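Observations on chain architecture
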Amino acid sequence: MESSGVDSVPEGVSGGGGGAEGVARVVVGPSSLSPSRASDFMRCPLLYRFRVIDRLPEKPSEAATRGTLVHAVLERLFDAPAAERTAPAAKSLIPGQWDRLRESRPEVSELFEGDPEGERLARWLGEAERLVERWFSLEDPTRLEPAERELFVETELESGLRLRGIIDRVDVAPTGEVRIVDYKTGKAPRPEYAEEALFQMKFYALVVWRLKRVVPRRLQLVYLGSGDVLTYDPVPADLERVERKLLALWAAIREATESGVWRPRPTKLCGWCDHQAVCPEFGGTPPPYPLAVRAAESGAEGAGRMGPV
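All of the points below concern the structure found in this document. (Residues numbered from 1 in each chain as written. Predicted model: local features only at pLDDT ≥ 70, side-chain atom pairs only at ≥ 80, totals over all residues. Heavy atoms only, no water.)

Bringing the packing of aromatic side chains into the picture now. Counted under the stated rule, the structure contains 11 aromatic pairs. Between Phe 41 and Trp 262 the ring centres are 6.0 Å apart and the planes differ by 85°, which places this aromatic pair in the edge-to-face class. Within this pair, whereas Phe 41 is found in helix α1 (residues 35-43), its partner Trp 262 is found in the segment after α8 (236-259), the two being separated by 221 residues in sequence. Trp 262 matches Phe 41 in its accessibility class, with the two residues each being buried. A network of ring pairs unites the aromatic residues Phe 78, Trp 135, Phe 136 and Tyr 183 as a single cluster. Positioned over the ring face of Tyr 232 is Lys 202, at 4.6 Å from the centre of the ring. One Lys or Arg, Arg 210, reaches over the ring of Trp 209 and ends 4.3 Å from the middle of that ring. (Phe/Tyr/Trp six-rings, centres within 6.5 Å; stacked < 30°, edge-to-face > 60°. Helix = DSSP H or I, 4+ residues; strand = E, 2+ residues; numbered from the N terminus. Buried < 20%, exposed > 50% of the residue type's maximum accessible area, 1.4 Å probe, protein only. Lys NZ or Arg CZ within 6 Å of the ring centre and 35° of its normal.)

Have a look at this one:
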């Protein structure tokens, strides 16, 4: 799973100063790529800059936080013996996992400020329960023994580009075939957007292939919001195309990093962006660029314009 916000392990950014007031943190250029950050750059290069280089804060959202909670419940359920992996048992995990989430990320408590009676929180937790319960209509956890859960993977390509991410679940058949599974708490995309949805899974498949020399047999997206399961069986040619795409993407990121030119790319998703106040598309001014830039060159005007590839 990749969160919709900033990754839990920032890419290419080193903290400095130990948090002492007046001591600036040390900022370095991006050094690795994850599916969420790759998607950020394709969606809007300036958003990528704000998240990876400037590391601007973002408010938690109810949808993203609910997704984190549901993922935690589905991960923990497999700690129990197979016969005890029932829907009531899974739902009973929700309060405890919500407490753990608030302890590890206190900012999520802000979501329900101004809710003295707890009505909004109760509805929100009820929605999480329904998502968890729906999962049982899509998969049978009593027949699953995941080889890995919430698996951090990382590899370095021959080019030097480091790829990394967190896979929700890895299943390995007795015959050695690998299935990569990702839970989505939203609805399945329309067919014309299915390829975009599979990008993350093909990214993971590429990493596993480069690490283990095994092409995953199946990629599986489980959409709890709509009760759909999207599967795809990759072949080496698919993953080679993904690798070429990522290398082109990384070249564009490096160009933008060195030139300091990060273009906004307006879409309908801008309405949900936390950074409108510092975005030129909304009359804002980005913060001073914290990295050294090279002298402007002819043709540099288009840097950072990477759209979908």
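Having seen the model, we can carry on.
The next point concerns the environment of Ser 92. Counting through the fold element by element, Ser 92 comes out in helix α4 (residues 87-92). Residue Ser 92 is classed as exposed on the basis of its relative accessible area of 52%. Along the backbone, Ser 92 and Val 73 are 19 residues apart, and their C-alpha atoms lie at a distance of 9.1 Å.

So, about unusual backbone geometry. At Arg 55, a position not held by glycine, the phi torsion is positive, near 50°. Tracing the backbone shows Arg 55 in the loop between α2 (45-53) and α3 (62-77).

Turning to α8, a few remarks are in order. Count 3.6 residues to each turn of an α-helix, and residues three or four apart come out pointing the same way. Its 24 residues place the ends of α8 35 Å apart at the C-alpha level, agreeing with the 34 Å of an ideal helix rising 1.5 Å per residue. Buried within α8 are the following residues: Asp 238, Leu 239, Val 242, Glu 243, Leu 246, Leu 249, Trp 250, Ala 252, Ile 253, Ala 256, Thr 257 and Ser 259. Those residues of α8 hidden inside the fold are in contact with β1 (32-33), α1, α2, β3 (162-172), α7 (194-212) and β6 (228-232). Among the residues trailing α8, Gly 260 stands out with phi positive, at a value near 80°. (Expected span 1.5 Å × (residues − 1). Contact = heavy atoms within 4.5 Å.)

What follows covers the pattern of salt bridges. Within this structure, the stated rule accounts for 25 salt bridges. Across the pair Glu 107 and Arg 105 runs a salt bridge whose closest N-O atoms are separated by 3.4 Å. Residue Arg 105 is classed as partly exposed on the basis of its relative accessible area of 29%. As a salt-bridge pair, Arg 162 and Glu 154 come within 2.3 Å of each other at their nearest N and O atoms. Residue classification places Glu 154 among the partly exposed positions, given a relative accessible area of 31%. Here the salt bridges share partners, and the residues they tie into one network are Arg 37, Asp 40, Arg 51 and Glu 58. (Salt bridge = Lys/Arg side-chain N within 4 Å of Asp/Glu carboxyl O.)

Let us look at the packing of α1 against α8. At their nearest, the axes of α1 and α8 sit 11 Å apart, and the two run at 65° to each other. As for how α1 packs across α8, the hand of that crossing is left-handed. Contacts between α1 and α8 involve Ala 38, Phe 41 and Met 42 on the former and, on the latter, Lys 245, Leu 249, Ala 252 and Ile 253. (Axes fitted to C-alpha atoms, helices over the stretch in contact; angles between N-to-C directions. Left-handed = near helix turned anticlockwise from the far one by under 90°.)

With that settled, consider α1. In terms of burial, α1 is a largely internal element, seven of the nine residues being buried. Residues of α1 that are buried: Pro 35, Ser 36, Arg 37, Ala 38, Asp 40, Phe 41 and Met 42. Of the surrounding secondary structure, the elements contacted by the buried residues of α1 are β1, α2, β3, α7 and α8.

For the rest of this paragraph, the subject is the nonpolar core. Core analysis: the largest hydrophobic core is formed by 47 residues, its most contacted members being Leu 33, Leu 163, Ile 180, Leu 246, Leu 249, Ile 253 and Trp 262. Breaking this core down by element, the ones donating at least two residues are α1, α2, β3, β4 (178-184), α7, β5 (218-223) and α8. By residue number, the principal contributor to this core is α7, which donates 11 residues. In this structure Trp 262 touches Phe 41, Pro 45, Leu 46, Tyr 48, Arg 49, Ile 53, Ile 253, Ala 256, Thr 257 and Tyr 289, once residues within four positions along its chain are discounted. One finds Val 73, Leu 101, Trp 124 and Val 132 within the second-largest nonpolar core, a separate group that totals 23 residues. (Core = buried A, V, L, I, M, F, W, Y, C linked by side-chain atoms within 4.5 Å.)

Of all 11 residues that make up β3, eight are buried, and the element is covered over most of its length. Of the pairings in the sheet, the one linking β1 to β3 comprises two bridges and is parallel in character. Its bridge partner being in β3, Leu 33 is matched across the sheet by Leu 163. Count of turn residues in the strand β2 (residues 148-156)/β3 antiparallel hairpin: five residues, of which Gly 160 carries a positive phi of about 100°. Alignment of β3 against β4, held across four bridges, turns out to be antiparallel. (Pairing = 2+ DSSP bridges.)

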